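# Fold and geometry: a report
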Amino acid sequence: RKSLTAVLPTFTAILPTFTAMQVLVLSFTGISSTGMRTLVPALRQLTRLITLDISYNRDIRDHGLESLAHILPLLKAMKVLNLMRTGISDRGISALVKALPHLVELQELNVSYNNIGDSGIVSLVQTLCQPSSLDTGHNRAGDKNLTTSPHYNNTLQELYIEENSGVTGAGLGRVAQLISALPALTELHMSGDYNTPAHLSDTAAMALAEALPRLPALEVLDLRYISMEPAGFQAVVQAAEKHPTLEKLLYRRRGVPEGADTSASCLRLN
């Protein structure tokens, strides 16, 4: 994985010839926003692409994501989109949410470790949950327990929104109110930022606890770098412990309220 900068013209000339390509991993390749604009005309021709990973390219930033978002509606087969550590903020997310309704097969979305704020994260999750913009006929085979109501997105399985520097407890509280509309989720990573941990009010924590039974496939819930009051913490832990499939509730040891019960088998403290 070396920088594409020097060979980008050659790479973009060759890429469209691989019309059957399904997986493209360009992480750690030094792509900038300018490079993304150069790459987009080639990407738009890869209509069979299932996985696109451009993570760990911090110079892509909002301008680069805006260029990519413009052609994402053409990549309707997309199931995995990894934008981790690409330097994006709310502006880039605004462009992305316009494209998301076209990605009806999307199963995994990663926007973690960026500079997104509350408005961007809430807008993103709202868009993923919108019944009017997502095809709800894409349930995974064998998942008969997932609701087929048009008010739910039964396709998205993994959502990574953790470690965004602008997200606060208020934003994560709103996410907690929305996520029950994503019943196919197996992994939800909504940790706060390491440097500025988010605080969930009791109201927000209770909303999260109430949402867990409505996520019947959930296996991993990442709440590291989040703090809660004792009542909220216990409500979330108890709901997690009762959950039939939840194996890991990730939480920071330093954030555990004093005297709280940490004996739940699913609780992983670090």
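Report on the accompanying structure. Here the structure is a predicted model, which means the values were calculated and not measured. (Residues numbered from 1 in each chain as written. Predicted model: local features only at pLDDT ≥ 70, side-chain atom pairs only at ≥ 80, totals over all residues. Heavy atoms only, no water.)

## A closer look at the overall build of the chain
Tallying secondary structure elements over the chain gives 8 helices and 11 strands in all. In terms of overall size, the chain behaves like a compact globule, its C-alpha atoms giving a radius of gyration of 19 Å where 270 residues would be expected to give roughly 18 Å. Taking the principal axes of its C-alpha atoms as reference, the chain extends roughly 60 × 40 × 30 Å. Out of the 270 residues belonging to the chain, those deemed buried represent 56%. Of the contacts formed within the chain by residues at least 6 apart in sequence, a portion of 82% connects residues at least 24 apart. Working note: accessible area of the chain is about 11,700 Å², and carbon and sulfur atoms make up 50% of it. Considering the chain, the positive charge centre built from 23 side chains and the negative charge centre built from 24 side chains are found 7 Å apart. (Helix = DSSP H or I, 4+ residues; strand = E, 2+ residues; numbered from the N terminus. Rg over C-alpha atoms; globule rule 2.2 N^0.38 Å. Buried < 20%, exposed > 50% of the residue type's maximum accessible area, 1.4 Å probe, protein only. Contact = heavy atoms within 4.5 Å. Areas by Shrake-Rupley, 256 points an atom, 1.4 Å probe, with all protein chains shown as cover. Lys, Arg positive; Asp, Glu negative; His and termini not counted. Charge placed at Lys NZ, Arg CZ, Asp CG, Glu CD.)

## Focus on the environment of V167
Mapped onto the secondary structure, V167 falls in the loop between β5 (158–160) and α6 (169–178). Residue classification places V167 among the buried positions, given a relative accessible area of 8%. Along the chain, V167 and H243 lie 76 residues apart, while their C-alpha atoms are 27 Å from each other. For V167, the residues in contact, after removing those within four places along its chain, are I116, G117, D118, I121, L172 and A198.

## A short note on the pairing of strand β10 (residues 248–251)
Consecutive side chains along a regular strand alternate between the two faces of the sheet. Here 3 bridges tie strand β8 (residues 220–222) to β10, and the two strands are oriented parallel to one another. Bridged to L221 within β10 is L249. Note: β10 against strand β11 (residues 267–269), 3 bridges, orientation parallel. From the neighbouring strand, L250 faces β11, where its bridge partner is R268. (Pairing = 2+ DSSP bridges.)

## Observations regarding the packing of helix α5 (residues 118–129) against α6
The geometry of α5 relative to α6 is characterised by a closest axis approach of 9 Å and an angle of 10° between their N-to-C directions. Between α5 and α6, the angle falls in the class roughly parallel. Together, D118, I121, V122, V125, Q126 and C129 of α5 and A170, G171, R174, V175 and L178 of α6 make up the contact between the two elements. For the contact of α5 with α6, the class distribution of residues is 7 nonpolar, 2 polar and 2 charged. (Axes fitted to C-alpha atoms, helices over the stretch in contact; angles between N-to-C directions. Parallel < 35°, antiparallel > 145°, perpendicular 65-115°, else oblique. Nonpolar A, V, L, I, M, F, W, Y, C, P; charged D, E, K, R; others polar.)

## Regarding the packing of aromatic side chains
Enumeration over the complete set of coordinates arrives at 3 aromatic pairs. A centroid spacing of 5.2 Å and a plane angle of 85° characterise the contact between Y194 and Y225, whose relative ring orientation is edge-to-face. Separated by 31 residues along the polypeptide, Y194 in the loop between β6 (187–189) and β7 (198–200) and Y225 in the loop between β8 and β9 (226–228) bring together distant segments of the chain. What makes Y225 buried here is its relative accessible area of 13%. A centroid spacing of 5.1 Å and a plane angle of 55° characterise the contact between F233 and Y251, whose relative ring orientation is tilted. Here the residue F233 occupies a position in helix α8 (residues 230–242), and Y251 occupies one in strand β10, the gap between them amounting to 18 residues. A single burial state applies to F233 and to Y251, both of which are buried. (Phe/Tyr/Trp six-rings, centres within 6.5 Å; stacked < 30°, edge-to-face > 60°.)

## Describing the environment of A239
Looking at the element boundaries, A239 is found in helix α8. Judged by relative accessible area, which is 15%, A239 ranks as buried. In this structure, the C-alpha to C-alpha distance between A239 and A211, residues 28 residues apart in sequence, is 9.0 Å.

## Regarding the sheet that holds strand β2 (residues 51–53)
As summarised here, the arrangement of the 9 strands in space is β1-β2-β3-β4-β5-β6-β8-β10-β11, forming an open sheet in which the pairing is parallel. On the outer flanks of this sheet lie β1 (23–25) and β11, each paired with one strand and no other. The mean angle between the axes of side-by-side strands here comes to 10°, regardless of whether they run parallel or antiparallel.

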